[in-house]
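A closer look at the structure
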Amino acid sequence: MNWKRASIAAATAAPVIGLFAWGLTRDPNNIPSPLPGRQAPAFALAVFSPGQGRLTRPVGDTVRLADLKGKVVVLNFWASWCLACRDEHAALSQMAATYEGKPVQFLGVLYNDVPDKGMAWISEMGGQSYPSVDDPGARVAIDYGLYGVPETFFLDANGRVAYKNTGPVTPGTVRLKVDSLMAAAQSAASVTPSATPSSAPSGAMAKDTSRPSAKAGSAK
Amino acid sequence: MTRLVASNAILVAAAVSALGALLTPIAIHKGRRDWLMLSYAAVYTNFVLVTLATLALVWGLVSHDFSISYVAQVGSRATPTFYTIISLWGALEGSIVFWAWVLGMYAAAVVWFNRHREGNLVPYAAATILMVALFFHILLIGPANPFQPVVPVPFDGPGPNPLLQNHILMAVHPPLLYLGYVGFSVPFAFAVGAMLAGEVANDDWIRLTRRWTLVAWGFLSAAIIAGMWWSYEVLGWGGYWAWDPVENASFIPWLTATAYLHSVMVQERRGMLKLWNLNLMVGTFVLTILGTFLTRSGIISSVHAFTQGTIGYFFLAFIAVVLLAALILVAGNSDKLGSEGRLDAPLSRETAFLVQNLFFTVFMFTVLIGTLFPLVAEAVRGVKVSVGTPFFNRMSVPLMVALLFLMGVGPALPWKKAAGAELKGRVLPGVVVGVLLGVAALLGGARNGYAVLAYVFAGFALGVNAAEFVRGANARVKAHGELWVTALMRLVSANRRRYGGYVAHIGVVLVALGVASSATFKTEQEATLKPGETLTVAGRTVRFKNAWGREEKQRQVIGATMELMSGSRVVGIIEPRMNYYPTQQQPVPTPEVRSMLSGDLYLNLMAFKQDGSNITVKVIWEPLVPWIWFGGLVVCLGAIIGIWPSRERQASRSGSANAAAPPMTEGRA
Amino acid sequence: MTTKKTKWGALAAVGVLVIAFGWLIYGGLDSNVVYFLTPKELLAKGADGYDKPVRLGGQVKPGSVVWDDKALSLRFSVTDGTGEILVHAKGAPPQMFKDGQGVVVEGRYGKDGVFTSTNLMVKHSNEYKAPKQGERPAEMYKSLMKSAGT
């Protein structure tokens, strides 16, 4: 064996393997969204599913983004015909219950679907802890540049889109994003009570780095 | 029950593979050759166990046992039994099972044929192949486990992906591809075995695997052609090759394998290019694994890609191990692989092979770089890009044209040094055919320089390769006074590898003519028609009769009845359709193709009014496209001729001292 | 001596070939890479965005679709919520094409402000879909289903 040559040859493999390793952390089908870092499009939508316990909003109540100022908002677009939405449902419902009483608002938005079907789906899935609103004509979905469902937007306390997740979310992602957004809101509030929007998290946060789960792919 | 049998069989097979692979170096180290029998036995046992698991999965599919996760994922009671069986390779987990089975089969066969050979080459090769098998077993136990329990057991499943159950070619393409891909594990294992055993300086690993390489190459060639055909018949866009990453993944190792088949002859005849050939063979295997990784990990965006969770990381680890081990072994052994001969003259077959190898290598890197570029661009510059057909066409068309030319030059040139007068006689028929085809193309309206050159060189290669048969047969007629047909048969059977190669060349020419013609002379038109209205494309007229709908067991079909006209007479009915599967948002286009010797009339239903009052149909005239599929068959015929054991040689061997050598390990030609 | 010379000669030849090859590939990639952009990003490029191969991703703006089935001409606007671009495509729209649908359009953006499409792809996040009431072909295309007569 000529170990000198062997080690030189082995070294050439490193960048290739590194590239693939990096590539695995990306989703090639993910489409970059121009929204992260920007003010979230406003909306006013009617509740069709009230949610449970203290998170309840009465059916027919109108939810306005402007009214949620000061809260971290988790906006989840879903549909009853969407298979991957089933995967993330339990995670979202549980996380919403965990954050009960904190300045966090979870909100489901029904996409290209009818409220009746949505209600039937929720009861089939064993309930949804947070309220869901209907988006007739997918107007809001278009404002948010939706490509499909599920997609989840995390808005900071100032109403900016901090992060967008394509495909089903995991409890870990939700916790990470919500906790950091709440921490940012609190520190901004304690340092300068009249917080400027520039203190909103951006940079690494404002990136779109999700992957569809194994289940979503295997449904093909 | 079925599920338990299958999953336990895989567990035991993994253990057996690991033990067999570990036992080999220990046995050799301790000088206990009797232990080697145990590692050979591990290869056979592995095959039996994987066969058991595969059969169990097929049984699970056929008996609609939805307690097995794979069956629950791809099975449905409405799917016809035939498509239920072939859905074995319709999704990721099942295809890995099938892969493991093919690998087990190759391993068992190669060990069986070489079981009496002395030395450490075969044991190390068997250990290598067992390691590869172990990797696939780990996939089946971990991230791609098809045998997970499903609770509660569903009554029915969604059925296989509609695109995959819409056409019969889906029964053919994937198994051919796996037989091709996995087949390259055999020469790879022997190359690694030779390096581990310190026998790499002699050519035994090449001689023992010569047929296996050709078998794998033949299957891969057939798979690529079948894949093109499938995409043509099913996807409805009228094309057969889109440089999609999944297509490229099968094409890249084909390029290195084809280069190897040629350059290995230089090593056998002249003792040159040893290190190069080793690189090509090891590279081909690495590229098959890389191709699988790219398409199965979802790392690159593709129409066909399976997006999966963690399996990518397993593949990455495997590629890292294979790549590092291969590079270290090859580079570490490179000292021993000096050249015995030299190039004698610039005009010789060696040189032609050398240039051909250069072009194939450049071709391979072009396709590889184009495929990986989106990944690199995103890593380096953070931009999302895709590399489309224009790049690949611009780079590959000149290469393909040049390779067509070389395909005519190579067979005309003798080894070592060409003599002028003889060369003239061998080249002349090619020049005549080439000029004729070139003129025909110009008269037909071809104005693109590369297109015309493609016709000229295709004709040239056709002439030269065909003339080799005529020349050889004539010589035999003269020498032995045989009938011409007899002489031709004996000529081919006495030198199967050489003439099999020429047959394959002729097949490639047919493919090239089909590709060049459909690229140059394709005409298409799309129109919205009311009943009774006609559309004429390239002189062929179709009339829209009516639209209809039909309910079938597993799908609903909307179709349009189109009449093929000759004057005012109806000479045929063509019915393009759209198939609606309940689990699919989009209908699956189902074009209908009317094939003639001169080309295909390709009809695809694009849209229709809900009441059937009008339809939009695309009609494409695709000249010479059937020649591509026929040419593919001829290429396979060439491979079969090359693989077929030669009777004369078998007879001569039975009398020789080497009587124990099994048929797959015949001596140097 | 001679072997050393030929070795260096061969190395130089390989070097030249590799550089030539790299240059060719670079040139080929540089002019043929297709960028993936949203309407906003394409508009932000200004004059640089004209007449280059682009994959434009966004949603079909509701109410913007004009389909002429005789001329086989399809016009619609693609929007990403912030920007909007008019697209002109030839040929029948895919079956799934509708208002609000996510689409990817391949083509070139002309100086006239119209994006000419060569390939129109409908995006769907997830292939499995339970058919809605009234969306099954048998219900949608009742007259056709009857006409089969079987």
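From a predicted model like this one, the values you see are computed outputs, not experimental measurements. (Residues numbered from 1 in each chain as written. Chains lettered and ligands numbered in written order. Predicted model: local features only at pLDDT ≥ 70, side-chain atom pairs only at ≥ 80, totals over all residues.)

Our next topic: the sheet that holds strand β6 (residues 151-155) of chain A. Residue and element names in this part refer to chain A. Taken in spatial order, the seven strands line up as β2-β1-β5-β4-β3-β6-β7 in an open sheet, and their pairing is mixed. What marks the edges here is a single partner per strand, and that holds for β2 (62-64) and β7 (161-166). Within the sheet, the average angular offset between the axes of one strand and its neighbour, ignoring direction, is 30 degrees. Examined bridge by bridge, strand β1 (residues 44-49) and β2 share three bridges and lie antiparallel to one another. Its bridge partner lying in β2, L45 is registered against V63. (Pairing = 2+ DSSP bridges. Helix = DSSP H or I, 4+ residues; strand = E, 2+ residues; numbered from the N terminus. Axes fitted to C-alpha atoms, helices over the stretch in contact; angles between N-to-C directions.)

Mean pLDDT over chain A stands at 77; residues scoring 70 or higher make up 79%. Of the regions scoring below 50 in pLDDT, residues 192-220 of chain A engages in 68 contacts with residues more than four places distant in sequence or in other chains. (pLDDT = per-residue confidence, 0-100. Contact = placed C-beta atoms within 7 Å.)

Further remarks concern helix α8 (residues 173-183) of chain B. Here α8(B) lies mainly inside the structure; ten of its eleven residues are buried. Turning to α8(B), the residues buried within the fold contact α5 (92-113), α9 (185-196), α10 (204-234), α11 (245-270) and α12 (274-296) of chain B. (Buried ≥ 20, exposed ≤ 12 C-beta atoms within 10 Å, placed from the backbone.)

Turning our attention to the environment of C:E41. Relative to the helices and strands, C:E41 is located in helix α2 (residues 39-44). Distance in space between the C-alpha atoms of C:E41 and C:G102 is 17 Å, their sequence separation being 61 residues.

Positive phi, close to 50 degrees, is recorded for B:H64, a residue that is not glycine. Inspection of the secondary structure assignment puts B:H64 in the loop between α2 (33-62) and α3 (69-74).

Residue and element names in this part refer to chain B. Strand order in the open sheet made by the four strands is β2-β11-β10-β9, with antiparallel pairing throughout. Because the sheet does not close on itself, it has two edges, and the strands there are β2 (523-529) and β9 (592-596). Going from strand to strand, the sheet's axes swing by 15 degrees on average, the running direction of each strand aside. Of the strand pairs in this sheet, β2 and strand β11 (residues 615-623) are connected by seven bridges, and their pairing is antiparallel. Within the sheet, the bridge partner assigned to E526 lies in β11 and is K618.

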